[in-house]
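Working through the structure, step by step
Chain by chain, the residues run as shown.
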There are 2 protein chains.
Amino acid sequence: MSSPEHKQKIWNLIKDIKVGMLVTQENNESDRLRARPMSLVQDAYDGTLYFYTPKSDSKVYEIKNDRDVCITFSDPENQVYVSLTGKAKLTQDKDLIDKYWNAWASAWFKEGKEDPEVAMLEVKINKGEHWVTDENKVLQLYEVAKANIKEETVPDMGENEKFGN
Amino acid sequence: MSSPEHKQKIWNLIKDIKVGMLVTQENNESDRLRARPMSLVQDAYDGTLYFYTPKSDSKVYEIKNDRDVCITFSDPENQVYVSLTGKAKLTQDKDLIDKYWNAWASAWFKEGKEDPEVAMLEVKINKGEHWVTDENKVLQLYEVAKANIKEETVPDMGENEKFGN
């Protein structure tokens, strides 16, 4: 779906943003999309993202109905925006839970790793897109102004790349 | 769906973030959720969000198939996260296009307001949720540590409120 170099690029963009908004679909007929912040726990990315979750959480119920999710990462300060789309599944794999256990997780699960509620969402990313504006804001507004003056089609706003289907 | 005071609160959270990730649904059977950054154009919020878009953009096609969208706003620096869910529709209402016209819009539409591609997405928000951590990060890590030590159920991470159904 994405080369190792591209995965590294995506990781470099999202690792400092740290918290993504995980979008799931409720089962009702209308207004079914909802998002909530989820913290990255890993320190590298090979196409799968992991997040701790209580096993009985509503998002777990939602991914049982529909595994399609989207995770958005935004950093308004540096104007970095990433959309990742994939399939989520719940896991209670002990090795995974051990591997990523951290202070945050231990604060949320009072019985620690042995808490029967401790679970992880494993999200296999199939496609995505990112936008990076590598100019600072002053330059970027200049680009907008320049585009107006010269009647170029659109201003040069930086990098935008898709991957996957 | 939401009181005027609550709308004002949401507006205060998102107006400085400025760019939200608009999540739409492609018509294919799998991996259909995708997001892209969209700039706020308004200077107040009464339950509807507006964004400029080219009329022939893929997101316009997507909302014709399914009007359900989600917009996520994230500010990792200040740890503010907002999820808004609603119905999108395309409009080419001249008054609306005039009202919100700005330097950004004029940079993207080379023929100006009269460009036949100029359109807006009008998103009526029906429900949402926000998370705000009003402590600074040092204090917040302290909260996590404290929760570990005292075996409280979860750390006090700030405000989290839902509205709508």
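Not measured: the values here are computed from a predicted model.

**Focus: the overall build of chain A**
A count of helical and extended segments in chain A gives five helices and seven strands. Tracing chain A from N to C terminus, the helices and strands come up as α-β-β-β-α-β-β-α-α-β-α-β. For chain A, the residues scored as buried account for 54% of the 165 residues in total. Taking all contacts inside chain A whose residues are at least 6 apart in sequence as the whole, residues at least 24 apart take part in 68%. For chain A, the accessible surface area stands at approximately 8100 Å², while carbon and sulfur atoms represent 47% of it.

**A few points about the pairing of strand S2 (residues 33-39) of chain B**
All names here are of chain B. Burial within S2 is extensive, with five of its seven residues counted as buried. Of the pairings in the sheet, the one linking strand S1 (residues 19-25) to S2 comprises seven bridges and is antiparallel in character. Bridging from a neighbouring strand, Val23 pairs with Ala35 of S2.

**With respect to the relation of the copies chain B and chain A**
Each copy superposes on the other: chain B lies on chain A with an RMSD of 0.0 Å after a rotation of 180° and an axial shift of 0.0 Å. Put plainly, the chains are arranged around a two-fold axis. In terms of proximity to the rotation axis, the leading residue of chain B is Ser74(B), whose C-alpha is 2.9 Å off the axis. Comparing contact sets, 100% of the residues at the interface of chain B also lie at the interface in chain A, consistent with an isologous, same-surface contact.

**Brief notes about helix H2 (residues 58-65) of chain B**
Residues lying three or four places apart along an α-helix face the same way, a consequence of the helix completing one turn every 3.6 residues. Residues and elements named next belong to chain B. Those residues of H2 that sit buried are Lys59, Val60, Glu62 and Ile63. Seen along its axis, H2 keeps its buried residues to an arc of 160°; they face one direction. In H2, the exposed positions angled more than 90 degrees off the buried face are occupied by Tyr61 and Lys64. Packing partners of the buried residues in H2 comprise S1, S2, strand S3 (48-54), strand S4 (68-75), strand S5 (80-91) and strand S6 (118-132).

**A word on the interface of chain B and chain A**
At the junction of the two partners, chain B supplies 51 residues and chain A supplies 51 residues. Summed over both sides, the interface of chain B with chain A buries roughly 4200 Å², with 59% coming from carbon and sulfur. On the chain B side of the interface with chain A, the three residues burying the most area are Asp31(B), Leu33(B) and Trp104(B), jointly 15% of the side's total. At the surface where chain B touches chain A, the tally comes to ten salt bridges. Here Asp68(A) makes a salt bridge to Arg32(B), at a shortest N to O gap of 3.0 Å. Where chain B touches chain A, the interface holds 23 residue pairs in polar contact (both at pLDDT 80 or more). If you list the elements that add at least two residues to the side of chain B that touches chain A, you get S1, S2, S4, S5, helix H4 (103-108), S6 and helix H5 (137-150) of chain B. Here the side of chain B that touches chain A is composed, by residue class, of 23 nonpolar, 13 polar and 15 charged.

**Some points on unusual backbone geometry**
The phi dihedral of Asp31(A) falls on the positive side, at around 50°, and the residue is not glycine. Within the fold, Asp31(A) resides in the loop between strand S1 (19-25) and strand S2 (33-39).

**Some words on the environment of Glu161(A)**
All names here are of chain A. Among the structural elements, Glu161 can be located in strand S7 (residues 159-163). Exposure remark for Glu161: the relative accessible area of 29% places this residue in the partly exposed category. Taking the C-alpha atoms as reference points, Glu161 and His130, separated by 31 residues in sequence, lie 5.5 Å from one another. In this structure Glu161 touches His6, Lys9, Gly128, Glu129 and His130, once residues within four positions along its chain are discounted.

**Description of the pattern of salt bridges**
All names here are of chain A. Taken as a whole, this structure holds 33 salt bridges over all chains when the rule is applied. Note that Asp57 and Lys59 form a salt bridge whose closest N and O atoms lie 2.9 Å from each other. Judged by relative accessible area, which is 5%, Lys59 ranks as buried. Its salt-bridge partner being Lys124, residue Glu122 comes within 3.9 Å of it at the nearest N-O pair. In this structure Glu122 comes out as buried when scored by relative accessible area, which is 11%.

**Brief notes about the side chain of Lys59(A)**
Residues and elements named next belong to chain A. Tracing the backbone shows Lys59 in helix H2 (residues 58-65). Here Asp57 takes part through its side chain, which lies 2.9 Å from a polar atom of the side chain of Lys59. Beyond its immediate sequence surroundings of up to four residues, Lys59 is in contact with Leu22, Thr24, Arg36, Met38, Thr53, Pro54 and Leu121.

**Regarding the packing of aromatic side chains**
Residues and elements named next belong to chain A. This structure, assessed with the given rule, holds six aromatic pairs over all chains. Ring geometry for Trp101 against Phe109: centres 6.3 Å apart, planes inclined by 35°, an arrangement best described as tilted. The exposure class assigned to Phe109 is buried, which follows from its relative accessible area of 5%. The rings of Tyr52, Trp101 and Phe109 are connected pair by pair, giving a single aromatic cluster.

Cut-offs applied
- Numbering of residues begins from 1 in every chain and follows the order in which that chain's sequence is written.
- Key to labels: chains lettered from A, ligands numbered from 1, both in the order written.
- Only residues with pLDDT of at least 70 are given local features in this predicted model, and only at 80 or more are side-chain atom pairs given and counted; all residues enter the totals for whole chains, interfaces and linings.
- Side-chain numbers come from the whole structure's heavy atoms, not from hydrogens or water.
- Helix numbers and strand numbers start at the N terminus; a helix is a DSSP run of H or I with at least 4 residues, a strand a run of E with at least 2.
- Remark: exposure states derive from per-residue accessible area (1.4 Å probe, protein chains only) relative to the maximum for the residue type, with buried under 20%, exposed over 50%, and partly exposed in between.
- In this description, contact between two residues means that some pair of their heavy atoms is separated by no more than 4.5 Å.
- Here the open area of atoms and residues is found with the Shrake-Rupley method and a 1.4 Å probe, where only the protein chains shown may cover a residue.
- A pair of strands is considered paired only if DSSP assigns at least 2 bridges between the two.
- Superposing the copies works by least squares over the C-alpha atoms of residues that have pLDDT at least 70 in both of them.
- Throughout, the arc means the angular range of directions from the helix axis out to the C-beta atoms.
- Two parts lose some accessible area (1.4 Å probe) when they are put together, and adding that loss for both gives the buried area.
- Think of a salt bridge as a Lys or Arg side-chain nitrogen and an Asp or Glu carboxyl oxygen that are within 4 Å of each other.
- Throughout this description, a polar contact denotes any pair of N or O atoms lying within 3.5 Å of each other; where both atoms belong to protein, one of them has to be capable of donating a hydrogen while the other can accept it, and for residues adjacent in sequence the pair is counted only when both atoms sit in side chains.
- Each residue receives one of three labels: charged for Asp, Glu, Lys and Arg, nonpolar for Ala, Val, Leu, Ile, Met, Phe, Trp, Tyr, Cys and Pro, and polar for the others, Gly being one of them.
- Between the rings of Phe, Tyr and Trp (Trp by its six-membered ring), a pair exists once the centres lie within 6.5 Å; its type follows the angle of the planes, with under 30 degrees stacked, over 60 edge-to-face, and the other angles tilted.

Note that all results are geometric; they support no functional claim without further evidence.
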